[in-house]
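Remarks on the overall topology
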Amino acid sequence: MIEIQRLPFWPAVRLPYRLARASVQLTVDRALGVQTTLLRNELDTSLDQPADFIHGPVGWTTLWRIFRWLAPTEGDVLYDVGSGNGRPLLVAGRFPFRRLVGIELAKRMHEEAEANLARCRLRGKAPVELINGDALTQPIPDGTSIVFFANPFDGIIFDRFIAHLLADLDQRPRRLRFVYYNPREHAKLEATGRFRLVHRFAGLRPTENWSRMMTTHFYEVLPRPTAD
Ligand SMILES: C[S@@+](CC[C@H](N)C(=O)[O-])C[C@H]1O[C@@H](n2cnc3c(N)ncnc32)[C@H](O)[C@@H]1O
């Protein structure tokens, strides 16, 4: 792939492209009466994350594609891990879930999510619960059938969360799907032998790294293999 950022015109194109994209996101915000468009690091804890770990929201159209592909039903419970200021839950609310649960560590983001859900012009179809807490210690919500994971963390924290999720599935066997946006730790999921990649949306961006950040993986989480 041509590394477009090495081409001479790239610095001139990059900023206008980003501004154009942000203005689309802001237009949707305005139409819905919410404020979800930002690019700032809200993680106000001492968690060990790379310095370039940006806590930006997933694009409106990407979210719409994701939930449309998932085709949830009234039996499904969504668990949005690192729910930010609520954009994915606003989109998921247009689909027929039984329940939506979002967990967010940063208090300010959690409060913004509460405000966004309260003032959104489009009413959601399913009840939403917002938790201000740590996904590593919070029990997995009852009946969770889809985990939405827009790369809130990686590294050792990721390992611990996946162990927590698998322990819950082993205790309460059920169908479980895992949606992973910007799948930095795909290799780790594969190595568990428990995550089967069933579909992916490729990120369409001019550079390899940027495309990977915009990619979404859909996994089926498999039951623990029996001993015999
Ligand atoms: C990339 S943002 C995603 C925001 C949201 N999913 C969206 O698309 O609008 C990741 C969020 O995960 C939160 N987060 C990081 N570690 C967390 C943890 N251990 N438990 C809960 N939330 C966490 C961050 O505070 C941040 O708001």
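Notes on the structure follow. (Residues numbered from 1 in each chain as written. Predicted model: local features only at pLDDT ≥ 70, side-chain atom pairs only at ≥ 80, totals over all residues. Heavy atoms only, no water.)

With that settled, the discussion passes to the overall build of the protein chain. Along its length, the protein chain carries 7 helices and 7 strands. Mapped in sequence order, the helices and strands of the protein chain form the string α-α-β-α-β-α-β-β-α-β-α-β-α-β. By the burial criterion, 46% of the 228 residues in the protein chain qualify as buried. As displayed, the protein chain has an accessible area near 11,900 Å², and 57% of this comes from carbon and sulfur atoms. (Helix = DSSP H or I, 4+ residues; strand = E, 2+ residues; numbered from the N terminus. Buried < 20%, exposed > 50% of the residue type's maximum accessible area, 1.4 Å probe, protein only. Areas by Shrake-Rupley, 256 points an atom, 1.4 Å probe, with all protein chains shown as cover.)

Attention now goes to the site of the ligand. Surrounding the ligand, one finds 20 residues, the nearest of these being Val58, Gly82, Glu104, Asp134 and Ala135. At a separation of 3.0 Å, an oxygen atom of the ligand approaches a polar backbone atom of Val58. For the ligand, the protein covers 99% of the area, taking 610 Å² as the surface of the free molecule. Its residues assigned to classes, the shell around the ligand shows 12 nonpolar, 6 polar and 2 charged. (Near = heavy atom within 4 Å. Polar contact = N/O pair within 3.5 Å; in protein donor to acceptor, adjacent residues only side chain to side chain. Nonpolar A, V, L, I, M, F, W, Y, C, P; charged D, E, K, R; others polar.)

With that out of the way, let us pick up the side chain of Thr216. Examined against the element boundaries, Thr216 turns out to sit in strand β7 (residues 216-221). In this structure Thr216 comes out as buried when scored by relative accessible area, which is 0%. Not counting residues within four places of it along the chain, the set of residues in contact with Thr216 comprises Thr62, Ile66, Val179, Tyr180, Tyr181, His199, Arg200 and Phe201. (Contact = heavy atoms within 4.5 Å.)

What follows concerns the side chain of Ser83. With respect to the secondary-structure elements, Ser83 resides in the loop between β1 (77-81) and α3 (87-92). Given a relative accessible area of 4%, Ser83 falls into the buried group. Sequence-distant contacts of Ser83, defined by excluding residues within four places in its chain, comprise Pro88, Leu89, Gly102, Ile103 and Glu104.

Any functional reading would require information beyond the geometric quantities listed.
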